[in-house]
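Structural description and commentary
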Amino acid sequence: MENPFIVVGKIKPEYFCDRQEESLRLVRQTTNGANTVIVSPRRLGKTGLIEYCFDKPALKQHYITMSVDILRTSSLNELIYMLGKTVFETIGTRSQRLMKLMVTTLKTLNGHFGYDPVSNTPTFDIRLGDITNPVYTLEEIFACIEQADKRCIIAIDEFQQIVNYAEKNIEALLRTHIQHCSNANFIFSGSERHIMNEMFLDTARPFYNSADMMMLKPIAEDKYLAFVQHHFNAGGKAIDDDAVHTAYQVFEGNTYYLQKTFRTLFSETEAGQGVGKQQVEDVITQMIADNNHRYGEVLSRLTLAQKELLNAVAAEGRARQITSGAFIRRHHLQSASSVQAASKKLLSYGLLSSEDGEYYIDDQLMRQWLLR
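Computed from a prediction, not measured in an experiment: that's the story for all the values here.

**Focus on the packing of helix α6 (residues 134-146) against helix α7 (residues 170-179)**
Between α6 and α7, the shortest axis-to-axis distance is 10 Å and the interhelical angle comes to 25 degrees. Taken together, the axis directions place α6 and α7 in an arrangement best described as roughly parallel. Both α6 and α7 take part in a crossing whose hand is right-handed. Packed against α6, whose contacting residues are Val135, Leu138, Glu139 and Phe142, the element α7 presents Leu173, Leu174, His177 and Ile178 at the interface.

**Quick word on the nonpolar core**
It is characteristic of soluble globular proteins that their nonpolar side chains tend to be buried jointly. Counting residues in hydrophobic clusters, the biggest one holds 51 residues, and the most contacted among them are Tyr224, Val228, Phe232, Phe262, Leu309 and Leu310. Beyond its immediate chain neighbours, meaning those up to four positions away, phenylalanine 262 contacts Phe5, Tyr224, Val228, Phe232, Ile239, Ala243, Val244, Ala247 and Val280. Core analysis: the second largest hydrophobic core is formed by 49 residues, Val87, Leu106, Ile141 and Cys152 among them.

**So, the environment of valine 339**
In this fold, valine 339 is placed in helix α16 (residues 336-349). Placed 176 residues apart in sequence, valine 339 and valine 163 show a C-alpha to C-alpha distance of 25 Å. Setting aside anything within four residues of it in sequence, one finds valine 339 in contact with Leu309, Ile322, Thr323, Ile328 and Leu333.

**Notes on the sheet that holds strand β6 (residues 184-190)**
With parallel pairing, the 5 strands of this open sheet are ordered in space as β2-β5-β6-β1-β7. Edge strands, defined here as strands with exactly one partner in the open sheet, are β2 (64-69) and β7 (212-215). Here the strands of the sheet are splayed against their neighbours by 15 degrees on average, with no regard to which way each runs. With 4 bridges connecting them, strand β1 (residues 36-39) and β6 associate as parallel partners.

Thresholds, definitions, all that
Residues numbered from 1 in each chain as written. Predicted model: local features only at pLDDT ≥ 70, side-chain atom pairs only at ≥ 80, totals over all residues. Heavy atoms only, no water. Axes fitted to C-alpha atoms, helices over the stretch in contact; angles between N-to-C directions. Helix = DSSP H or I, 4+ residues; strand = E, 2+ residues; numbered from the N terminus. Parallel < 35°, antiparallel > 145°, perpendicular 65-115°, else oblique. Left-handed = near helix turned anticlockwise from the far one by under 90°. Contact = heavy atoms within 4.5 Å. Core = buried A, V, L, I, M, F, W, Y, C linked by side-chain atoms within 4.5 Å. Buried < 20%, exposed > 50% of the residue type's maximum accessible area, 1.4 Å probe, protein only. Pairing = 2+ DSSP bridges.

All quantities given are derived from atomic positions and should not be read as evidence of function.
Right, dumping it as structure tokens:
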């Protein structure tokens, strides 16, 4: 039997857990012509939800859908490269007419395309160095989107990354193109809530009030419990309520770590056997051990004050007033100023997250490693 607990890659509809309300809302907003912002911590299922919706007949049959992950981009050129490649390979492959149209429209990249002698068509064989006029190239990419034979839905993952680019006014530049694009809707997803909120809710920012906000929360425990037990039962196996509850509490509903835990347990459990709390704890212990070197490397790059603060937040789970005298004394920290400096660095490294005055470690497995 195929393992139903998918960790990477596309999730088949039958292995997709809940998100019925969120998927209905996303499809409805998109088909009504609205842009949408999806915000949630990493590995909570943003990408899976978008791909799940892209497979819905309402979108699949009537729209051209595409996704661009810009997490590892650090400049406008890299963003344009990723977007251009995705648009070219998604729209251009639909017909010879669109392929030729795209090649002639992307004038700043003309002469840099490769060629496939088998299909007798150009290929996107372009390098970052070939993008010498990024502002004009971006304009041409949006011109290609306008000429697509169906309306496009473009999902840009980890959209908050653009605030880290060295170039100025990137938000304003993108907002202008998106605002005037009549043949596409956009889904902006991000994992840094405070940055995404500032980008879309601050009246002084270009993207203010330009999209509907959707805050993605963990799947409800009762829904996930039913999902896990259904698939174990379908495989002729059993799993205790307490086993699922243990994993859910440890990982605070984080979809990725839950799926990874139950994927391992499903593969290790023979038909006719059951899984209890102890087996779950053993798998989690092994996951922590497997990541010991990785997390050790991360900590080796931190200062003593940063390590101490990270451990203090791990101990509290959700920490408030981290510069208060009570918090500093409770965790034997140095001073309010050192805590403040350390928190800024840890936030910038992505090791610490902040929401509504609370500080927490977004990576639940790392928190468990720190606690042990």
